[in-house]
Amino acid sequence: MPRIYTISVNGKGRFPCRADQTIVDAGHQAGFGFPVACRNGVCERCAGTLTYGHVQQRNHTLHAGDTEGTEVLYCVALPLSDCEITVPEVTAPGELPVHNVNCQILEIEALNHDVSRAWLQLPAGKRIQWHAGQYLMLNLHGECYPFSIANHCDGRKLELHIRHGDDNSAAQDIMASLKADSTVSVTLPAGVRYIDTAPERPVWFICGSTGFAPVKAMVERLIAVDFAHPVRLFWGARTPEDLYLPNLPVQWTGVLKDFEATTSLSDIRHPDHAQGLVHEAALAALSEPTLPLFFLGGSPPMAWAVFDALVAEGVPAQNIHCDVFDYAPRD
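Residues numbered from 1 in each chain as written. Predicted model: local features only at pLDDT ≥ 70, side-chain atom pairs only at ≥ 80, totals over all residues. Heavy atoms only, no water.

Residues Phe205, Phe212, Leu222, Leu233, Trp252 and Leu256 are the most contacted members of the largest nonpolar core, which totals 28 residues. Broken down by secondary-structure element, the contributors of at least two residues to this core are strand 15 (203-208), helix 3 (212-224), strand 16 (231-237), helix 4 (247-255), strand 17 (259-265) and strand 19 (293-297). Examining the composition of this core, we find that six residues originate from one element, helix 3, more than from any other. Setting aside residues up to four positions removed in sequence, Leu222 forms contacts with Ile195, Pro199, Val203, Phe205, Phe227, Val231 and Leu256. Of all hydrophobic cores here, the second largest spans 25 residues; its members include Phe15, Phe32, Val72 and Tyr74. (Core = buried A, V, L, I, M, F, W, Y, C linked by side-chain atoms within 4.5 Å. Buried < 20%, exposed > 50% of the residue type's maximum accessible area, 1.4 Å probe, protein only. Helix = DSSP H or I, 4+ residues; strand = E, 2+ residues; numbered from the N terminus. Contact = heavy atoms within 4.5 Å.)

The next point concerns the sheet that holds strand 13 (residues 157-163). Sheet architecture is open: six strands sit in the order 12-11-14-9-10-13, paired in antiparallel fashion. The open sheet has two edge strands, strand 12 (143-148) and strand 13, and neither has a second partner. Along the sheet, successive strands turn relative to each other by an average axial angle of 40 degrees, direction set aside. Here six bridges tie strand 11 (residues 135-140) to strand 12, and the two strands are oriented antiparallel to one another. Across the sheet, the residue bridging to Leu136 is Phe147, located in strand 12. Each of strand 12 and strand 13 is contacted by helix 3, which is oriented at about 150 degrees to strand 13, the strand it contacts most. (Pairing = 2+ DSSP bridges. Axes fitted to C-alpha atoms, helices over the stretch in contact; angles between N-to-C directions.)

Once that is clear, we can look at helix 3. The end-to-end C-alpha separation of helix 3 is 18 Å, in line with the 18 Å expected for 13 residues at 1.5 Å each. For helix 3, the set of buried residues is Phe212, Ala213, Pro214, Val215, Lys216, Ala217, Met218, Val219, Glu220 and Leu222. The inward-facing, buried residues of helix 3 contact strand 12, strand 13, strand 15, strand 16, helix 4 and strand 19. Backbone geometry just downstream of helix 3 places Asp226 in the positive-phi region, at approximately 55 degrees. (Expected span 1.5 Å × (residues − 1).)

The structure is reproduced here in structure tokens:
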């Protein structure tokens, strides 16, 4: 039996590799995405650095730290020991490659008095993927603006929900640029809180305002994978006019096996909506705190307030997900 070594790559993880197996082949079998093309050491797409260990490349032994070991072609490299390697653009299992592309601006439509939907189209000829719940960066005038992708990955179109009220001058400038230009530079995907495969437990969404955008994408993904567990949506706003796409939750009721939606208004009473903060409606419906998987959508203050309220009710912290926790962590 060939000896098996451990390959650590880019700090993204590790995988086993037989002594008679190329490092690229072993990595692909383990779910890592190595950049390759020719697979015979000519195109150099798989080139990287050996930082620990030694490998055999064709008839040569390369050692970490040697001048010859500064660049290794991993599609033709066999391990001779445990190794640590660095290869540009490698992705870990489940991770997607990041792309910088110019998108065509297809359409901008008003959804309510201060939220618009922008449709962008990715360039043809290059497959670009994202997970439902991830976000992108709009690159405008030397600045980067994050926006959740509001549709799951099923083609070349990207859907964005942009709130551009009088209190948000930056969003108004973004809208002006999107309306004036025919293309926009985009970096995607970003974010580690998403749904790809179907979770093995109920899923609860708690969101406010355009925090509904990533929720919409994740619900679409649950529909696509024929999700069988309960799904609960709690969507908060100040007034009924602040809600948008009101028919979508009604449609989801007809396609998901067990779906219920609750809308909550903080500023006024209305017979069709719960009264108060959105997480209060969720807590009132929560009978088994340790069971659901929670996804939150909203501003950092809202997300952390909802996190605290859920944990206080007995929800395990590891069951609560929101990108805010990663890009706006507490001190």
